Amino acid sequence: MKYDLVFEGGGAKGMVFVGAMGEFEGRGHTYERLLGTSAGAITAALLAAGYTTDEMLAALSEQESGKPVFAGFMGAPVAFSEPEIEGSATRALLRNIDVPGLPSFVEDGIDDAIARALLKTSRYLHFFSFIERGGWFSAHKFLEWMTRKLDEGTFQGQPRGFSGMTLSEFHAATDRDLSLVASDTTGGRMLVLNHKTAPALPLVWAVRMSMSIPMVWPEVIWQAEWGTYLGRELNDHKVVDGGLLSNFPIELFVSSDPFITSMMGEKTESDPLGLLIDESQPVEGAPAPPAEAQAGLDLGQLQIVQRIGRLVNTLTGAHDKMVMEALSENVVRLPANGYGTTEFDMSEARREALVAAGKRAMSTFLNRRAIIESMQEHTPPGLESGPRPTVSVSEHADRIAKRILGW
């Protein structure tokens, strides 16, 4: 059977998708349109590039300097330019501190020396990035990894070579219908990035935008050479993780609204199938995470980060939940209890347990769905429960999709 697949965001917990897709493909199912947010965007992009489950499993096992390659995604910020330092909040604060009797040119020199000395310390380097770029860690390792993955292996017998392509070029080369969700914090609206809405946007930067968890990684600044979004200029707009507005936008595949279908394409005959990361479900056989404390400051310990996180979860969860309840039979709940969003350095044993849990959850879902479909086929005439209320669900999805898109 063919489905339109939706992948939820969830950071490192998104590794559970690999196990789920292994079972999905092993049952002979295929997919048509692909839609993802954050970690789901990474999975959707790799699938669109023709990645098999075995290739994705191999990617999960990659190591660098004896550690999982994904641990590098939480790396130290890259060097700051002179304009960034000169125009920074730190420099402005020092500039506003007036030392009586000290000539301004001497004071300026001292301020510069202090600012540069602070930037030589690891902890302040992260803090500076957090204040000036909006993210505690650097995302350059992720960009390097994603670029490499899009160029490795083959697609339909030819070398992939997708890393330098725009969304329009990628669609032309693969004929895959891929959409990635991001949040434009300057314009205050959700972005659905695909070959129709943002044809000139590089694929790697579309993925980078969607996975940019606020305060964890720096926001992405939309560049003029990336063209327009739905014909509108977004130059210098700040873009972050799509999960800020919708972590599970399955309504985009359900809606029949003309504006939505103009972005997503006409509704197909395929059922929408959402892969949801369920943090309430335990992962069978998962060993406990290491007890040793992280070196340096743990971003998650900051009260402001925790407060904002709760607010974002509430805002995104409310409207996502409404559609999920209406489409419960189209949602696969994948266990992830006890796993962290930024646990990219998880041990091999924990990763294998998470992947196996995804495989079991998909197997259970498909078995249950097969039983229901078999019962419906053998229901005597006159006893049918009636068709699914797709019209009301679609209308509900129309309202939610238009509201969160804000166009």
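Residues numbered from 1 in each chain as written. Predicted model: local features only at pLDDT ≥ 70, side-chain atom pairs only at ≥ 80, totals over all residues. Heavy atoms only, no water.

Mind laying out the overall build of the protein, listing which residues take part and the relevant values?
From N to C terminus, the protein includes 15 helices and 14 strands. Across the 407 residues in the protein, those meeting the buried criterion constitute 50%. Within the protein, contacts between residues at least 6 apart in sequence are counted, and of these 78% link residues at least 24 apart. Total accessible area computed for the protein in this model is approximately 18800 Å², and 56% of it derives from carbon and sulfur atoms. (Helix = DSSP H or I, 4+ residues; strand = E, 2+ residues; numbered from the N terminus. Buried < 20%, exposed > 50% of the residue type's maximum accessible area, 1.4 Å probe, protein only. Contact = heavy atoms within 4.5 Å. Areas by Shrake-Rupley, 256 points an atom, 1.4 Å probe, with all protein chains shown as cover.)

Mind laying out the packing of aromatic side chains, listing which residues take part and the relevant values?
For the structure on display, the rule yields 14 aromatic pairs. Summarising the aromatic geometry, the rings of F73 and F142 are spaced 5.4 Å apart at their centres and angled 90° between planes, so their arrangement reads as edge-to-face. Of this pair, F73 sits in the loop between β4 (67–68) and α4 (82–86) while F142 sits in helix α8 (residues 140–149), and the two are 69 residues apart along the sequence. Classification of F73 as buried rests on a relative accessible area of 4%. We classify F142 as buried; its relative accessible area is 1%. Look at F142 and W145: their rings are 6.3 Å apart centre to centre, the planes differ by 35°, and that puts the pair in the tilted class. A residue pair is termed a helical-turn pair when its members lie 3 or 4 positions apart in one helix, as F142 and W145 do in helix α8 at three residues. Exposure class is identical for F142 and W145. Each is buried. By way of ring pairs, the aromatic residues F70, F73, F142, W145, W217 and F344 are connected into one cluster. (Phe/Tyr/Trp six-rings, centres within 6.5 Å; stacked < 30°, edge-to-face > 60°.)

Quick rundown of the packing of helix α1 (residues 16–26) against helix α3 (residues 53–60)? Include the residues and the values.
Viewed as axis vectors pointing N to C, α1 and α3 meet at an angle of 165°, and their least axial separation amounts to 9 Å. With respect to their mutual orientation, α1 and α3 come out roughly antiparallel. Relative to α3, the crossing made by α1 is left-handed. Counted together, V18, M21, G22 and E25 of α1 and T53, M56, L57 and L60 of α3 form the full contact between these two elements. Of the residues that constitute the contact of α1 with α3, the class distribution is five nonpolar, two polar and one charged. (Axes fitted to C-alpha atoms, helices over the stretch in contact; angles between N-to-C directions. Parallel < 35°, antiparallel > 145°, perpendicular 65-115°, else oblique. Left-handed = near helix turned anticlockwise from the far one by under 90°. Nonpolar A, V, L, I, M, F, W, Y, C, P; charged D, E, K, R; others polar.)

Got a sec to walk through helix α7 (residues 122–133)? Specific residues and values, please.
Look at α7: 16 Å from first C-alpha to last across 12 residues, which is about the 16 Å you get at 1.5 Å a residue. Taken together, the buried positions of α7 are Y124, L125, H126, F128, S129, F130 and R133. G134 lies just past α7 and shows a positive phi near 85°. (Expected span 1.5 Å × (residues − 1).)

Can you explain the packing of α1 against helix α2 (residues 39–48)? Please cite residues and give values.
One can describe the packing of α1 onto α2 by two numbers: an axis separation of 11 Å at closest approach and a directional angle of 40°. One finds that α1 runs oblique with respect to α2. Handedness of the crossing formed by α1 with α2: right-handed. Between α1 and α2, the residues in contact are F17, M21 and E25 and A39, G40, T43 and L47, respectively. Partitioning the contact of α1 with α2 into residue classes produces four nonpolar, two polar and one charged.

Which residues make up the nonpolar core, and what values do they have?
The biggest cluster of nonpolar side chains holds 99 residues, and the ones touching the most others in it are L5, W145, L193, W217, W222 and L275. A total of eight residues in this core trace back to one element, the largest contributor, which is helix α14 (residues 348–377). (Core = buried A, V, L, I, M, F, W, Y, C linked by side-chain atoms within 4.5 Å.)

Let's hear about the confidence of the model for the protein: which residues, and what values?
For the protein, per-residue confidence averages 83 on the pLDDT scale, and residues scoring 70 or more make up 81% of the total. The element-level mean pLDDT for the protein is lowest in helix α15 (residues 390–405), coming to 56, with helix α9 (residues 167–174) highest at 98. In the model, residues 293–297 has pLDDT below 50 throughout and makes four contacts with residues more than four positions away in sequence or in other chains. Every residue in residues 385–391 scores below 50 in pLDDT, and together they form three contacts with partners more than four places removed in sequence or on other chains. (pLDDT = per-residue confidence, 0-100.)

Quick rundown of helix α10 (residues 203–210)? Include the residues and the values.
α10 sits mainly inside the fold: seven of its eight residues count as buried. Within α10 the residues assigned to the buried category are L203, V204, A206, V207, R208, M209 and S210.

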